[in-house]
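An overview of the molecular structure
Chain by chain, the residues run as shown.
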Amino acid sequence: NAAIAGACNAVRRAPDGRLQGDMFDGEGFVRGVLRKGMKLQGARALVVGSGGVGCAIAASLAAAGVTVLGVFHVVSANGLAERLRQQCPAMTVTTGSNDPAGYDLVVNATPMGMNVGDPMPMDVSRIASTTFVGEVVMKMEMTAFLAAAAERGCRVQIGTDMLFEQ
C-alpha cells in the first residue's frame, strides 16, 4: 500500500532493525465499503483526487480486486497510475477524466466539500443510482456531494467511516 500510495502513516521497526511502513487510510475506506455490502471484486471504480488519501484508497481498491480503476487529479494522476500499473498489471488504469458514468464506485478523495459552496468533485447528474458513492471529507458528515448522490438513490459512505474502520 505504501509503495503505491507513495506515503505511509505508520512506521515500525522490525526485529532486525529495518523500518516497515504502511498506509491505513485506504484500508479503512475499503473496509467501510465492504461492511456496507459493496462487492469490489471485478468492480469498476473512479477515485477523484490523487493526494495521499486518494493514492491510499486506489491501492486498497486494487488489492480488493477492482478490475478497472479511473484516477483523476486536477494537475495529474500519472504517477499514481504508473505505480498501480506496475503493482497490478492485470488491472486497467485510466487517467484524465472525472466522468463518473459507468462506474460501480466513485470516491471523492479531494478536499472539495469541506466548505459550503465548494464545487462538486464530479458531475453528480452522471452518477447512476446503482453507483456506490464514497467521501473522505470529515469536516461535515453529509457534504453537498454525498447529499446529491443520496438524492439520486445512491448508497453512500461518509468520510468518518474511513477513520472508524482504520
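Up top you'll find the structure we're talking about.
Position labels on residues start from 1 in each chain and follow its written sequence. Local features in this predicted model are restricted to residues whose pLDDT is 70 or higher, and side-chain atom pairs enter the listing and the counts only when it is 80 or higher, whereas totals over whole chains, interfaces and linings include all residues. Excluded from the side-chain calculations are hydrogens and water; all other atoms, namely the structure's heavy atoms, are used.

Salt bridge, as applied in this entry: a Lys or Arg side-chain nitrogen positioned within 4 Å of an Asp or Glu carboxyl oxygen. The full count for this structure, using the stated rule, is five salt bridges. A salt bridge links Arg126 to Asp99, with the nearest nitrogen and oxygen atoms 2.8 Å apart. Placement of the pair is Arg126 in the loop between strand S6 (105–108) and strand S7 (132–135) and Asp99 in the loop between strand S5 (92–95) and S6, with a sequence separation of 27 residues. Classification of Arg126 by relative accessible area gives partly exposed; the value is 41%. A relative accessible area of 28% places Asp99 in the partly exposed class. Under the DSSP-based scheme used, a helix requires at least four consecutive residues in state H or I and a strand at least two consecutive residues in state E, with every element numbered from the N terminus. With a 1.4 Å probe rolled over the protein chains alone, any residue whose accessible area is under 20% of its type maximum counts as buried; one over 50% counts as exposed, and the rest are partly exposed.

It is worth spelling out the packing of aromatic side chains at this point. Between rings of Phe, Tyr and Trp, where Trp is taken as its six-membered ring, a pair exists when centres lie within 6.5 Å; planes separated by under 30 degrees are stacked, by over 60 edge-to-face, and by other angles tilted. This structure, assessed with the given rule, holds zero aromatic pairs. Sitting over the face of the ring of Tyr103, Arg44 holds its NZ or CZ atom 5.2 Å from the ring centroid. Geometrically, a lysine NZ or arginine CZ counts as sitting over a ring once it is within 6 Å of the ring centre and also within 35 degrees of the ring normal.

For the rest of this paragraph, the subject is the pairing of strand S2 (residues 19–22). Sheet faces and side chains relate simply in a regular strand, where the side chains alternate between the two faces. Both strand S1 (residues 10–13) and S2 contribute to a ladder of four bridges, which runs antiparallel. Along S2, the bridge assignment pairs Ala10 with Asp22. Between S1 and S2, which pair antiparallel in sequence order, lie five residues; one of them, Gly17, sits at a positive phi of approximately 95 degrees. Here, any two strands with at least 2 DSSP bridges between them count as paired.

Further remarks concern the environment of Leu61. The residue Leu61 is located in helix H3 (residues 52–63) in this model. The buried category is assigned to Leu61, whose relative accessible area is 0%. Between the C-alpha atom of Leu61 and that of Val47, which follows or precedes it by 14 residues, the distance is 9.6 Å.

One open sheet holds the six strands; their spatial order is S5-S4-S3-S6-S7-S8, and the pairing between them is parallel. With partners counted over all chains shown, the strands left at the sheet margins are S5 and strand S8 (155–157), one partner each. Taking each pair of neighbouring strands and ignoring which way they run, the sheet shows an average axis angle of 15 degrees. Looking at chain direction, strand S4 (residues 68–72) and S5 are connected through four bridges and run parallel. Its bridge partner lying in S5, Leu69 is registered against Val93. Axis definition: a line fit to C-alpha positions, over the contact stretch in the case of helices; interaxial angles, taken between N-to-C directions, run 0 to 180 degrees.

Of note, Gly26 is situated in helix H2 (residues 25–35). It only takes one pair of heavy atoms within 4.5 Å for two residues to be counted as in contact. Excluding anything up to four places from it in sequence, Gly26 contacts Ala56, Ile57 and Ser60.

Relative to the helices and strands, Asn108 resides in strand S6. Given the relative accessible area of 0%, Asn108 is considered buried. Within polar-contact distance, the side chain of Asn108 engages the side chain of Glu135 at 2.7 Å. Once residues within four sequence positions are removed from consideration, Asn108 is found in contact with Val48, Pro121, Gly134, Glu135, Val136, Val137 and Phe145. Pairing of N or O atoms within 3.5 Å defines a polar contact, subject to two protein rules: one partner must be a possible hydrogen donor and the other a possible acceptor, and residues neighboring in sequence count only if both atoms are side-chain atoms.

In this section: the nonpolar core. The term nonpolar core refers to a set of buried residues drawn from Ala, Val, Leu, Ile, Met, Phe, Trp, Tyr and Cys, joined through side-chain atoms within 4.5 Å. If you look at the biggest cluster of nonpolar residues, it comprises 35 residues, and the most contacted ones within it are Leu40, Ile57, Leu61, Leu69, Val71, Leu84 and Leu105. Mapped by element, the contributors of at least two residues to this core are helix H1 (2–5), H2, strand S3 (44–48), H3, S4, helix H4 (78–87) and S6. With residues near it in sequence (within four places) discarded, Leu105 still touches Phe29, Met38, Leu40, Arg44, Ala45, Leu46, Leu61, Thr131 and Phe132. Within the second largest apolar cluster, 15 residues are counted, among which are Leu46, Ile127, Val133 and Cys154.

For helix H5 (residues 144–151), every residue scored as buried is listed here: Phe145, Leu146, Ala148 and Ala149. For H5, the arc enclosing every buried residue in end-on projection is 160 degrees, short of the 170-degree limit, so these residues lie on one face. Seen from the open side of H5, the exposed residues pointing more than 90 degrees away from its buried face are Ala144 and Glu151. Packing partners of the buried residues in H5 comprise S6, S7 and S8. Gly153 lies just past H5 and shows a positive phi near 100 degrees. The directions from the helix axis to the C-beta atoms are what the arc is built from.

The quantities given are spatial measurements derived from coordinates; they are silent on function.
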